[in-house]
Amino acid sequence: MPKSQNIEDHRQWRLLQTGNMSALTYFYEKYVHLIFNYGQRFTREDDLIDDAIQDLFIRIWQKRENLTTPDFVEYYLLKSFRNILFRKLSQRVKRAHSELEEEHVVDAEPSFEAQLIVAEHAIETGEKLKRAWQQLPARQKEALYLRFYTDASYDDIAGIMGISVKATYKTVFRGLEKLREMVIITLVLLLCAGGILSFERLPLSEGKIASARCLFLKLYKIIPSNDGSWRDL
Amino acid sequence: MKNDHSIGTYAGYGLNDFLADEDFQEWVKKDLPQDSEFWQKFIQTYPHKEKEVREAHQLLSKLKFVETPPDHTRYQRIWENIQAGAEAAGTVTPETVVRRMSPVKMWISVAASVIILFSLGMWWLNSRTLTLQTGSAEVQEFVLADQSTVTLNANSSLDYRKSFNRTAKREVWLEGEAYFNVRHFAEGAAEAPRRFIVHTRELDLEVLGTTFNVKTRRSATSVMLAHGSVLVRFRNKSHDTVLLKPGEMLEFTPGQPPVLHKAVDSLHISAWKQKRFVFSNTPLDQAIQQVEDFYNCTITVKDPSLLHYRITAAVTAPPAQELETALSEILNVKVSRKGDVFEIVSVQQ
């Protein structure tokens with residue numbers, strides 16, 4: 001991606017490799033909030049995030065002489081942090097399960113939670129978007145979060161999540177496609193419900209309207225009235 | 001970079017393609033003038049794509065995430081632990097420099113000594129020791145002057161000086177077992193964090209803001225870290241300082257090398273806080289020790305081969321009045337009383 005690498009980050013990284021503690025401080029102060037925020041997407045146990053951040057920076061300090069220089073330090077930190085946090089989470093789950101002596105197959109990856117801001121001027125679409133967002137699979141949410149919140153490129157996301165660039169593109173593509181479809185569909189139905197639908201303006205086929213109606217009924221648990229008014233649409 | 005040539009590459013794009021295109025996303029996110037120019041030119045060249053470009057732009061511009069504000073106190077606390085860890089990781093030990101003293105410096109140091117002696121006297125006045133204590137089958141939580149909390153297990157005691165919260169480092173002395181939740185900062189103060197040191201017979205534990213369990217019974221001492229970091233120093237310098245990571249437990253018996261357990265179950269180890277005995281495949285002799293420490297009693301076995309039995313159980317500790325029943329309930333054994341000594345006659349199958 002045409003994103004310029006951070007020269008100051010690279011300078012500080014070289015200092016870190018020579019054993020300069022202030023360089024570690026530099027990276028900590030610059031990125032701890034980003035990392036903490038990312039961690040909160042995976043767990044509500046802030047203590048666990050603290051521990052993972054602590055591990056991450058101590059480990060970097062201990063291994064500083066053997067570290068290569070990453071293109072973007074922030075994504076290198078996110079990736080390493082993610083690995084540490086996942087290990088901690090899986091240890092915890094395993095332990096809880098062994099205590100209950102259940103033979104569950106434990107999910108390899110934790111769920112991903114991030115909330116969208118609802119733009120005030122478009123509460124309606126914003127709410128729909130939020131609802132649609134919540135229905136995305138964890139990986140799609142995470143990839144979109146990394147792309148639009150941390151500003152990582154597809155290359156960077158691939159590195160952080162440990163998947164190929166192609167798979168990253170697909171994940172983002174699918175996520176956005178789903179958001180778009182659900183937002184448009186619910187928007188149309190809202191307009192329908194308000195009786196202000198104008199067909200000419202909407203790029204929807206008959207089939208799409210039919211499937212939109214199904215989805216709408218599912219989402220809002222509304223039963224069509226007996227006079228068949230929905231069908232007339 | 002994008003140029004007029006690459007306009008053509010977008011000619012076949014549909015709405016989803018625009019959405020997932022990195023350059024398109026960059027335009028929406030950053031709204032740089034050269035990007036706007038490029039996409040305007042694109043729309044002029046391919047007017048029938050305008051609607052899709054607009055729609056994609058609209059959706060992407062709504063993808064904004066709720067952000068939690070930074071918690072600087074928290075970040076400061078984590079940083080202190082990182083620093084402690086980085087230092088313990090054996091970095092640079094400052095070289096000691098020996099210099100000759102000039103006469104002026106000599107007088108200054110004499111004056112300093114006088115001041116030090118005076119302060120020592122003051123310190124002595126402040127150094128009266130206070131003790132927190134628990135009896136048999138008693139578990140109690142205490143709040144210290146710095147708002148740190150200490151839960152004492154049965155038959156344990158914690159000593160500290162009256163000046164505990166006014167000195168540069170907070171120090172306590174432990175006998176028995178305790179679970180600490182140490183406050184990083186003194187209550188309401190914006191002052192620098194002060195070290196908190198737990199002294200046991202064999203070990204000195206240095207912490208900042210941290211949660212951990214310390215047990216010093218008989219000759220063995222063990223430290224289990226739940227959160228944060230703990231620096232373990234060996235009193236007689238027999239071993240190198242160890243930095244514990246969360247989830248780790250260090251066990252030390254004098255004369256033997258320390259043992260580091262990598263991933264222990266912190267809830268299991270601190271189960272005593274709820275007055276619960278949790279055994280998982282625990283040898284009977286170890287279980288007996290835990291019970292003896294809790295009730296302050298002596299337990300023997302009739303047949304030494306019984307000690308090979310292993311117990312798996314989670315039992316809430318019964319009150320100490322009916323000790324005989326309590327013991328047989330916890331350990332699942334038959335007990336007979338001989339004076340002050342309880343003897344395990346047999347193990348119930």
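Definitions and limits used
- Residues numbered from 1 in each chain as written.
- Chains lettered and ligands numbered in written order.
- Predicted model: local features only at pLDDT ≥ 70, side-chain atom pairs only at ≥ 80, totals over all residues.
- Helix = DSSP H or I, 4+ residues; strand = E, 2+ residues; numbered from the N terminus.
- Buried ≥ 20, exposed ≤ 12 C-beta atoms within 10 Å, placed from the backbone.
- Core = buried A, V, L, I, M, F, W, Y, C linked by C-beta atoms within 7 Å.
- Pairing = 2+ DSSP bridges.
- Axes fitted to C-alpha atoms, helices over the stretch in contact; angles between N-to-C directions.

Colleague: What am I meant to see in the overall build of chain B here?
Modeller: Helix and strand counts for chain B come out as nine helices and 18 strands. Out of the 349 residues in chain B, the part that is buried amounts to 30%.

Colleague: For this particular structure, what's the right way to read the nonpolar core?
Modeller: Most often, soluble globular proteins have nonpolar side chains that are buried together. Ile35, Ile53 and Phe57 of chain A are the most contacted members of the largest nonpolar core, which has 66 residues in total. By size, the runner-up hydrophobic cluster in this structure holds 31 residues, among which are Val172, Leu203, Val214 and Ala226 of chain B.

Colleague: I'm lost on the pairing of strand E10 (residues 230-234) of chain B in this one. Help?
Modeller: Sheet faces and side chains relate simply in a regular strand, where the side chains alternate between the two faces. Residue and element names in this part refer to chain B. Relative to E10, strand E7 (residues 203-207) is paired through five bridges, and the arrangement is antiparallel. When the bridges of E10 are listed, Glu206 appears paired with Leu231. Across three bridges, the pairing between E10 and strand E11 (residues 242-244) is antiparallel. What sits directly across from Leu231, in E11, is Leu243.

Colleague: When you look at the sheet that holds strand E18 (residues 341-347) of chain B in this model, what are you seeing that I'm missing?
Modeller: Adjacent strands of a sheet pair through backbone hydrogen bonds, lying either parallel or antiparallel. Residues and elements named next belong to chain B. One open sheet holds the three strands; their spatial order is E15-E18-E17, and the pairing between them is mixed. The open sheet terminates on both sides in strands that have one partner only, identified here as strand E15 (298-301) and strand E17 (333-338). Along the sheet, successive strands turn relative to each other by an average axial angle of 35°, direction set aside. Sheet analysis places E17 next to E18, joined by six bridges and oriented antiparallel.

Colleague: So what exactly am I meant to see when it comes to unusual backbone geometry here?
Modeller: Where the residue is not glycine, phi is negative for most of them; where a peptide bond is considered, it is trans in most cases. Positive phi values are uncommon outside glycine, yet Asp151 of chain A reaches one of about 70°. Tracing the backbone through its elements, the reader meets Asp151 of chain A in the loop between helix H6 (138-148) and helix H7 (154-161). Overall, Asp151 of chain A belongs to the partly exposed group, with 17 C-beta atoms counted inside 10 Å. Even without being glycine, Asp31 of chain B reaches a positive phi, approximately 50°. In this structure, Asp31 of chain B sits in the loop between helix H2 (22-30) and helix H3 (33-45).

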